Amino acid sequence: MFCQVVFPLPFRNAFTYSIPDELIDSVKIGVRVVAPFGKRVLTGFVIALSETTELKEKIKPIRDLLDENPFFDKTALKFYEWLSDYYLSSLGEALRNSVPYGTEVESKRKVVSDKDFCKKLLNQESKKNTPRAKLLAALSQKEVCRISQLQKELKNKNILSTLRSLEKIGAVTLLNEIDSAKVRIKKAKFVKLSKPADEIYALLPELEKKSTKQIIVLLELISKKEPAALSELLKKTNSAASTVNSLEKKNIVQVYDQEIERVYSEIYQEEIKQITLTEQQKKIIERLSEPIDKNTFETFLLHGVTGSGKTQIYIEIAKKVIELGKNVIILVPEISLTPQITARFINHFGGLTAVFHSRMSLGERYDSWRGIVAGKYRVVIGPRSALFAPLQNIGLIVVDEEHDQSYKQQDLIPKYHARDAAVIRSKFSNCPVLFGSATPSIESMYNALSGKFTLLELKERVDNAKLPHIKLVDITIEKKKKRMEGIFSRELLDEIDNRLKKKESVIILQNRRGFATQIFCNDCGEVVTCPDCSVSMVHHLNKNILQCHYCRIVRPVPKACGICGSLALKFFGTGTQRVEDELDYYFPNVKVERVDSDSINRKGKLSEILNNFRKGEIDILVGTQMVSKGLDFSNVTLVGVVSAETSLWIPDFRADERTFQLLTQVSGRSGRSEKEGEVIIQTQNQKHFVLQKILMNDYDGFYEKEIGLREQGEYPPFTRIGLIEMKDEKEELARAASKEFFSYLQKHQKGLKINPPTEAIIYKIKGSYRFQILIKSHKKIDPSGKLLRSAILNSFIEFNQKSRYRGVKLIIDIDPQSII
């Protein structure tokens, strides 16, 4: 027997391996195997089996099997094939999303150096700046290191030939060591009685003469009436392990290994509320039930104002799917939404609910994944990665807050969009997909209005709650009237004071982390920027450091200007730390808590904060966009926005849409019960059309204006976009590589609009210079985007075959969410 295996590497073909006799019955499509790959050992995915092969050369056997049960079938494989084809990745890279991180087995190449010999060779080098000299310098410092570490340290990938020449003369030894998986099944020792309780009682008088500790252990086991974890038993009885060992030798107890499931427990909790559905909610559930009952695919867009009860619709329709014996995937944008929606689903579905997100430990994620494969869980909730949960028999996929940009994968290949991929997974699963949002993306609303999606609407809030009253405060006018107190207008401070006196809660949004977003010299105008990125460093007051939010580099706060030596440094711009600091000054007896990625880095911290906010133990919640999504607290009656312009001035075609969505969403946190809510937005440009549409709660008006601008600028939904990025630590290499790739693209320009290479708006990140090529294909000419993808793929192949700039990092992004 032979198997076809793909690896999570940028190779688009599968590799044939023979299956050893002892594994023939176990290897199936959809399992992972450990196999030799060149001089390495890697984990790959089995995508096909055959009894014969046409290959003439010697075929290597697979070494091991990692999974007892397949975690994808032929239907799921079609989905992953689509994912790799559409986003121009290999099938192995697409399948990598289907398994939790840390479960793969692979070999790591290590170098063991003779430090003294390397130092001697280094001294013999006439030039100390050559690649060989730099490598010898590094090897004379460390005895054992990974090749990948050396490549990173020396900023040079081409060191293998030099290492091999050093190995020949005995300066180094190259090793291939197999690293086992970072996460495994957790087991613990348990103890149980080997005899019935009556027989144990008969033995007690004899045992009491020799050891009272043994008696205590046995009485504890009898009272428990079930096996006990050895560690807990010893702790509770204050006994040593030798006591249990003695009882085991006498065949009175049995010690054995038992698997322990690491279950993520959600700290945030809510009481189950008895909810009466509105007539509109009932109609929507009825309409959603049609394709569920018929096992047919259909895409729905649920456009409901904030607080209109969209989550309850998800719960009710999920109940129906579960009753029919099918399973549900619920996608939420990021961890900020997970605590509340997770708590609500656990309240209704209990132990059938599995959670996936980045705050879980590797073990918790692995055990959740294994539970899904085993069929233990029926509802999976999580961010974009939850779309790849190995759930069988899917009856519904929900994408909550479908407009959110965090559904787009930015870091790894393939750069998929979970919202768009959810449509295809639903199609292959013959089930409906439901998008929900108070501010749908322009693309989704366009698809709904053109008949591609089915539009469902909830135009009113539940529980007779009214939409909040929104007010714009022009801070340029307020400054002239001397009605500004630091970063706050007097009007916003007065309203915060008013709400606090009524024992009501307040949310303040500032979509920037840190204290001051810029430090500049008042004499020469120099701004303190990151040495590795073309952005300003942000001042973090609590640690008194400067940090780059792109590469995370940390620097001390300068006492003087690094250019002219002036002491006249000014701290400019406002981050969440400054907002928190000023609120503490104006309201010293009030509990203020900050929610951003700096403050919730500890596991469970966000849930603790939300629990305390719900109980009224926190009065004011300050945060970035995290506080704008999905939070539902009945006591919040005021939302303040410190600066509306943080996202409005970004030079990106989605900037207006992002601003409208962010400010409408955060406004929706106010007045979600019988108490009337208010929103105060501070701005420097109150006449901007986006802010005027927010003021009037006019999504339809905003959509009409924005769709006209998109058509005029030839942007989605009228076109498909591909973004090619070249980046390298040497500016001239990145520039030359982008020009060469552009020349290959021009051969395929029929039906496409290809912009020449330009410097990226953020020109340098993590020490690499960035150049971009933007390609557009009009949907009237290229409805599926095949022309666009074909041009990019063919150019990529030609570039890899011919270019002398293959060492330059090349990134392909289909349907980018941002062109910055």
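Our subject is the structure listed above.
Residues numbered from 1 in each chain as written. Predicted model: local features only at pLDDT ≥ 70, side-chain atom pairs only at ≥ 80, totals over all residues. Heavy atoms only, no water.

Asker: Now, about the overall build of the chain: what can you tell me, with residues and values included?
Answerer: Along its length, the chain carries 25 helices and 36 strands. The C-alpha extent of the chain, read off along each of the three principal axes, is 90 × 80 × 65 Å. In the chain, 75% of the contacts between residues at least 6 apart in sequence involve partners at least 24 apart. Of the roughly 38700 Å² of accessible surface on the chain, a fraction of 48% belongs to carbon and sulfur atoms. (Helix = DSSP H or I, 4+ residues; strand = E, 2+ residues; numbered from the N terminus. Contact = heavy atoms within 4.5 Å. Areas by Shrake-Rupley, 256 points an atom, 1.4 Å probe, with all protein chains shown as cover.)

Asker: Can you explain the sheet that holds strand E28 (residues 592-595)? Please cite residues and give values.
Answerer: Across the sheet, 6 strands lie side by side as E19-E31-E30-E22-E29-E28; this open sheet has parallel pairing. The sheet is open, and its two borders are formed by strand E19 (469-474) and E28, each paired with just one other strand. On average, adjacent strands in this sheet sit at an angle of 20° to one another, irrespective of strand direction. Of the pairings in the sheet, the one linking E19 to strand E31 (residues 678-683) comprises 6 bridges and is parallel in character. Paired with His469 across the two strands is Glu678, which belongs to E31. (Pairing = 2+ DSSP bridges. Axes fitted to C-alpha atoms, helices over the stretch in contact; angles between N-to-C directions.)

Asker: Explain the sheet that holds strand E25 (residues 545-547) to me, using residue names and the numbers behind them.
Answerer: Read across the open sheet, the 3 strands follow the order E24-E25-E26; overall the sheet is antiparallel. Only two strands of the sheet have a single partner each, and these edge strands are strand E24 (538-540) and strand E26 (554-556). Strand-to-strand twist across the sheet, computed as the mean angle between neighbouring axes with direction ignored, equals 35°. Bridging between E25 and E26 involves 3 bridges; their strand directions are antiparallel. Bridge pairing in E26 places Leu546 opposite Arg555.

Asker: Mind laying out the packing of aromatic side chains, listing which residues take part and the relevant values?
Answerer: In total, this model carries 33 aromatic pairs according to the counting rule given. Plain terms: the ring middles of Phe45 and Phe71 are 6.4 Å apart, the flat faces sit at 75° to each other, and that makes the pair edge-to-face. Taken together, the residues Phe45 in strand E4 (residues 40-50) and Phe71 in the loop between strand E5 (64-65) and helix H1 (74-86) connect sequence positions 26 residues apart. With respect to class, Phe45 is no different from Phe71; both count as buried. With a centroid separation of 4.4 Å and an interplanar angle of 5°, the aromatic rings of Phe653 and Tyr715 are classed as stacked. Taken together, the residues span a long stretch of sequence, with Phe653 in the loop between strand E30 (636-641) and helix H21 (655-667) and Tyr715 in the loop between helix H23 (699-713) and strand E32 (719-728) at a distance of 62 residues. For Lys705, the ring lying beneath its charged end belongs to Phe689, and the centroid distance is 5.2 Å. Positioned above the aromatic ring of Tyr715 is the side chain of Lys776, whose terminal nitrogen or guanidinium carbon lies 3.9 Å from the ring centre. (Phe/Tyr/Trp six-rings, centres within 6.5 Å; stacked < 30°, edge-to-face > 60°. Buried < 20%, exposed > 50% of the residue type's maximum accessible area, 1.4 Å probe, protein only. Lys NZ or Arg CZ within 6 Å of the ring centre and 35° of its normal.)

Asker: With reference to specific residues and values, describe a nonpolar patch on the surface.
Answerer: A cluster of nonpolar side chains, contributed by Met1, Ile24 and Leu49, occupies part of the molecular surface with about 210 Å² of accessible area. As for its position among the elements, Ile24 is in the loop between strand E2 (15-18) and strand E3 (32-37). (Patch = residues over 30% accessible without salt bridge, like charges linked within 9 Å, V, L, I, M, F, W, Y side chains within 5 Å. Salt bridge = Lys/Arg side-chain N within 4 Å of Asp/Glu carboxyl O.)

Asker: Lay out the environment of Glu725 with the relevant residues and their values.
Answerer: Mapped onto the elements of the fold, Glu725 is located in strand E32. In this structure, Glu725 is in contact with Arg770, Phe771, Gln772, Lys809, Leu810 and Ile811, ignoring residues within four places of it in sequence. Engagement of the side chain of Glu725 in a polar contact is seen with the side chain of Arg770, the distance being 3.0 Å. (Polar contact = N/O pair within 3.5 Å; in protein donor to acceptor, adjacent residues only side chain to side chain.)

Asker: Outline the environment of Val321, supporting the account with residue identities and numerical values.
Answerer: With respect to the element layout, Val321 can be found in helix H12 (residues 310-323). Val321 sits 75 residues away from Leu396 along the chain, and the two C-alpha atoms are 7.1 Å apart. Apart from residues no more than four positions distant in its own chain, Val321 is found in contact with Ile292, Lys326, Asn327, Val328, Gly395 and Leu396.

Asker: Explain the pairing of strand E12 (residues 299-304) residue by residue, including any values.
Answerer: With 6 of its 6 residues buried, E12 lies for the most part within the structure. In E12, alternate side chains face the same way, and those of Thr299, Leu301 and His303 on one face and Phe300, Leu302 and Gly304 on the other are all buried. Here E12 pairs with strand E17 (residues 433-437) via 5 bridges, running parallel. When the bridges of E17 are listed, Leu301 appears paired with Phe435. Of the strand pairs in this sheet, E12 and strand E18 (residues 454-458) are connected by 5 bridges, and their pairing is parallel. Residue Leu302 lies in a different strand from E18, and its bridge partner there is Leu456.

Asker: Kindly report on the packing of helix H3 (residues 115-124) against helix H4 (residues 131-139), identifying the contributing residues and their values.
Answerer: Between H3 and H4, the shortest axis-to-axis distance is 8 Å and the interhelical angle comes to 150°. By the angle class used here, H3 and H4 are roughly antiparallel. The chirality of how H3 crosses H4 is left-handed. Contacts from Lys115, Cys118, Leu121 and Leu122 of H3 reach H4 at Ala133, Leu136, Ala137 and Leu139. Split into classes, the residues belonging to the contact of H3 with H4 amount to 7 nonpolar, no polar and 1 charged. (Parallel < 35°, antiparallel > 145°, perpendicular 65-115°, else oblique. Left-handed = near helix turned anticlockwise from the far one by under 90°. Nonpolar A, V, L, I, M, F, W, Y, C, P; charged D, E, K, R; others polar.)

Asker: Tell me about unusual backbone geometry, and please be specific about residues and values.
Answerer: Across the junction of Ile413 and Pro414, the peptide omega takes the value 0°, indicating a cis bond. Assignment of secondary structure puts Pro414 in the loop between strand E16 (394-400) and helix H15 (418-429). Put simply, Pro716 and Pro717 share a cis peptide bond, and its omega is 15°. Along the polypeptide, Pro717 turns up in the loop between H23 and E32. Positive phi, close to 60°, is recorded for Asn251, a residue that is not glycine. For Asn251, the position within the fold is in the loop between helix H10 (241-249) and strand E11 (253-259). One non-glycine residue, Glu714, lies in positive phi territory at about 55°. For Glu714, the position within the fold is in the loop between H23 and E32.

Asker: Give a detailed account of the pattern of salt bridges, specifying residues and quantitative values.
Answerer: Applying the stated criterion across every chain yields a total of 39 salt bridges. Between Asp494 and Arg490 there is a salt bridge; the shortest N-O distance is 3.2 Å. In this pair, Asp494 and Arg490 are both assigned in helix H18 (residues 490-501), 4 residues apart and thus about one turn of the helix distant. Residue Arg490 is classed as partly exposed on the basis of its relative accessible area of 27%. One salt bridge in this structure joins Glu657 and Arg710, with 2.6 Å as the shortest N-O distance. Taken together, the residues Glu657 in helix H21 and Arg710 in helix H23 connect sequence positions 53 residues apart.

Asker: Before we move on, could you go through the nonpolar core and cite the residues and values that matter?
Answerer: One broad trend across soluble globular proteins is that nonpolar side chains are buried collectively. By size, the foremost hydrophobic cluster in this structure holds 109 residues, and its most contacted members are Tyr80, Leu95, Leu387, Leu621, Ile681, Ile775 and Ile792. Filtering out sequence-adjacent residues up to four positions away, Ile681 remains in contact with Ile470, Lys471, Leu472, Val473, Val641, Ala644, Leu663, Ser667 and Ile694. Ranked by size, the runner-up nonpolar core spans 27 residues in total, among them Ile313, Ile317, Val379 and Leu458. (Core = buried A, V, L, I, M, F, W, Y, C linked by side-chain atoms within 4.5 Å.)

Asker: Can you break down helix H24 (residues 731-745) residue by residue, with the values?
Answerer: The first and last C-alpha atoms of H24 sit 21 Å apart over 15 residues, in line with the 21 Å expected at 1.5 Å per residue. All of the buried residues in H24 are Ala734, Ala736, Ala737, Ser738, Glu740, Phe741, Phe742, Tyr744 and Leu745. (Expected span 1.5 Å × (residues − 1).)

Limitation: the analysis is restricted to geometry and does not speak to function.
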